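Take a look at the letters that make up each chain.
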Amino acid sequence: MIPARDPARFIREHTALRPVPHTPEIVLQVADEATALWQKTEEELEAIGLPPPFWAFAWAGGQALARYILDHPETVAGRRVVDFASGSGLVAIAAAKAGAAHVTASDLDPFALDAIPLNAAANGVAERITADGTDLIGTDAPCVLAADIFYERDLAAAVGGWLGDLHRRGRTVLIGDPGRSYLPRERLVPVATYEVPVTRALEDAEIKRSSVWRFA
């Protein structure tokens, strides 16, 4: 992918800093409308066929998982945590606020790698979050948080296999998901469920019932 000329400038120009509906303790640089931002992203990079700007929105599963972490800080307190497919950094920020020793916010989108530190700084936790652009599937970690990742078949299979293996090895794995197409429900049990306000342009309702899941 061609690098953006100035990703931080682009993010600030096309998003606004706002509280997250279900976790108002956290603010994020978010966009008003996905399609327009997607087009601007392709213009900025002089490329077409790019992935959607997941980094510019607070998705339902991420909001649910962030809420759970803030309400149950013992889940991450004092631990080294990976927030997989971090996007905006919402869940990573929640983990840092809940007392995680350090959070690796992993994402392959170069815009996310700039949005994450911007959002972390806006929430006063920049020193405890590192944005990481490497593919972490298959690596080890004591605690992995993952939200809104089961929307595509091949990705879901790869991530589900990796997270399931971590669980079998005694690692902490928590998933935030509103029930997307490829969520492996038969292998999971919900630990909390929330009614999450979302943008209708992104989801199929203004309130999305979303759960935090662990492997059975």
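Calculation criteria
- Residues numbered from 1 in each chain as written.
- Predicted model: local features only at pLDDT ≥ 70, side-chain atom pairs only at ≥ 80, totals over all residues.
- Heavy atoms only, no water.
- Axes fitted to C-alpha atoms, helices over the stretch in contact; angles between N-to-C directions.
- Helix = DSSP H or I, 4+ residues; strand = E, 2+ residues; numbered from the N terminus.
- Parallel < 35°, antiparallel > 145°, perpendicular 65-115°, else oblique.
- Contact = heavy atoms within 4.5 Å.
- Nonpolar A, V, L, I, M, F, W, Y, C, P; charged D, E, K, R; others polar.
- Buried < 20%, exposed > 50% of the residue type's maximum accessible area, 1.4 Å probe, protein only.
- Polar contact = N/O pair within 3.5 Å; in protein donor to acceptor, adjacent residues only side chain to side chain.
- Phe/Tyr/Trp six-rings, centres within 6.5 Å; stacked < 30°, edge-to-face > 60°.
- Core = buried A, V, L, I, M, F, W, Y, C linked by side-chain atoms within 4.5 Å.
- Pairing = 2+ DSSP bridges.
- Right-handed = clockwise from strand over helix to strand, strands pointing away.

For the chain, an unreviewed UniProt entry supplies the name Methyltransferase and the organism Methylorubrum podarium.

A few words now on the packing of helix 3 (residues 60-71) against helix 4 (residues 90-97). Between helix 3 and helix 4, whose axes approach to 9 Å, the crossing angle comes to 5°. Comparing their axes, helix 4 and helix 3 come out roughly parallel. Between helix 3, through G62, Q63, L65, A66, I69 and L70, and helix 4, the contact on the second element is made entirely by L90, V91, A94, A95 and K97. Its residues assigned to classes, the contact of helix 3 with helix 4 comprises 8 nonpolar, 2 polar and 1 charged.

Moving on: the side chain of T104. Note on placement: T104 falls in strand 4 (residues 102-106). In this structure T104 comes out as buried when scored by relative accessible area, which is 18%. Look past the residues within four positions of T104 in its chain and what remains in contact with it is V81, V82, D83, T130, D132 and L136.

Moving on: the side chain of H102. Mapped onto the elements, H102 comes out in strand 4. Since its relative accessible area comes to 15%, H102 is described here as buried. Engagement of the side chain of H102 in a polar contact is seen with the side chain of T130, the distance being 2.8 Å. Leave out the neighbours within four places in its chain, and H102 touches R79, R80, V81, R128, I129 and T130.

A separate point is the environment of T139. By the element assignment, T139 lies in the loop between strand 5 (129-132) and strand 6 (143-147). The spatial distance from the C-alpha of T139 to the C-alpha of L163 is 9.9 Å, given a sequence separation of 24 residues. In contact with T139, not counting residues within four places along its chain, are W162 and L166.

In this section: the packing of aromatic side chains. Each aromatic ring pair is summarised here by two numbers: the centre-to-centre distance and the angle between the ring planes. Here the structure, examined in full by the defined rule, presents 6 aromatic pairs. Seen from their ring centres, F57 and W59 are 6.2 Å apart, and the 75° between their planes marks the pair as edge-to-face. A ring pair is formed by F84 and W162, whose centres lie 5.1 Å apart and whose planes are at 65°; its orientation type is edge-to-face. Here F84 is found in strand 3 (residues 80-84), whereas its partner W162 is found in helix 6 (residues 153-168), with 78 residues between them in sequence. Judged by its relative accessible area of 6%, W162 falls in the buried class.

With that out of the way, let us pick up the nonpolar core. The biggest cluster of nonpolar side chains holds 38 residues, and the ones touching the most others in it are I69, V76, I129 and L145. Elements with a minimum of two residues in this core: strand 2 (23-30), helix 3, helix 4, strand 4, helix 5 (110-122), strand 6 and strand 8 (188-197). In terms of nonpolar packing, the next biggest core, distinct from the first, is built from 19 residues, F150, L166, V173 and L188 among them.

A separate point is the sheet that holds strand 5. Within the open sheet, the 7 strands sit side by side as 5-4-3-6-7-9-8. Their pairing is mixed. The sheet is open, and its two borders are formed by strand 5 and strand 8, each paired with just one other strand. Along the sheet, successive strands turn relative to each other by an average axial angle of 20°, direction set aside. Here helix 5 sits on the sheet in contact with strand 4 and strand 5, set at roughly 170° to strand 5.

With that settled, consider the environment of R209. For R209, the location among the structural elements is in strand 9 (residues 207-215). You can call R209 exposed: its relative accessible area is 55%. Each C-alpha atom of the pair R209 and D177 lies 9.1 Å from the other, and the pair is 32 residues apart in sequence. Setting aside residues up to four positions removed in sequence, R209 forms contacts with P178, T193, Y194 and E195. At a separation of 2.5 Å, a polar atom in the side chain of R209 contacts the side chain of E195.

Glancing now at the pairing of strand 7 (residues 172-177). Here strand 7 lies mainly inside the structure; 5 of its 6 residues are buried. On the question of chirality, the crossover connecting strand 6 to the parallel strand 7 by way of helix 6 is right-handed. Relative to strand 9, strand 7 is paired through 3 bridges, and the arrangement is antiparallel. Looking across to strand 9, one finds that G176 is bridged to V212.

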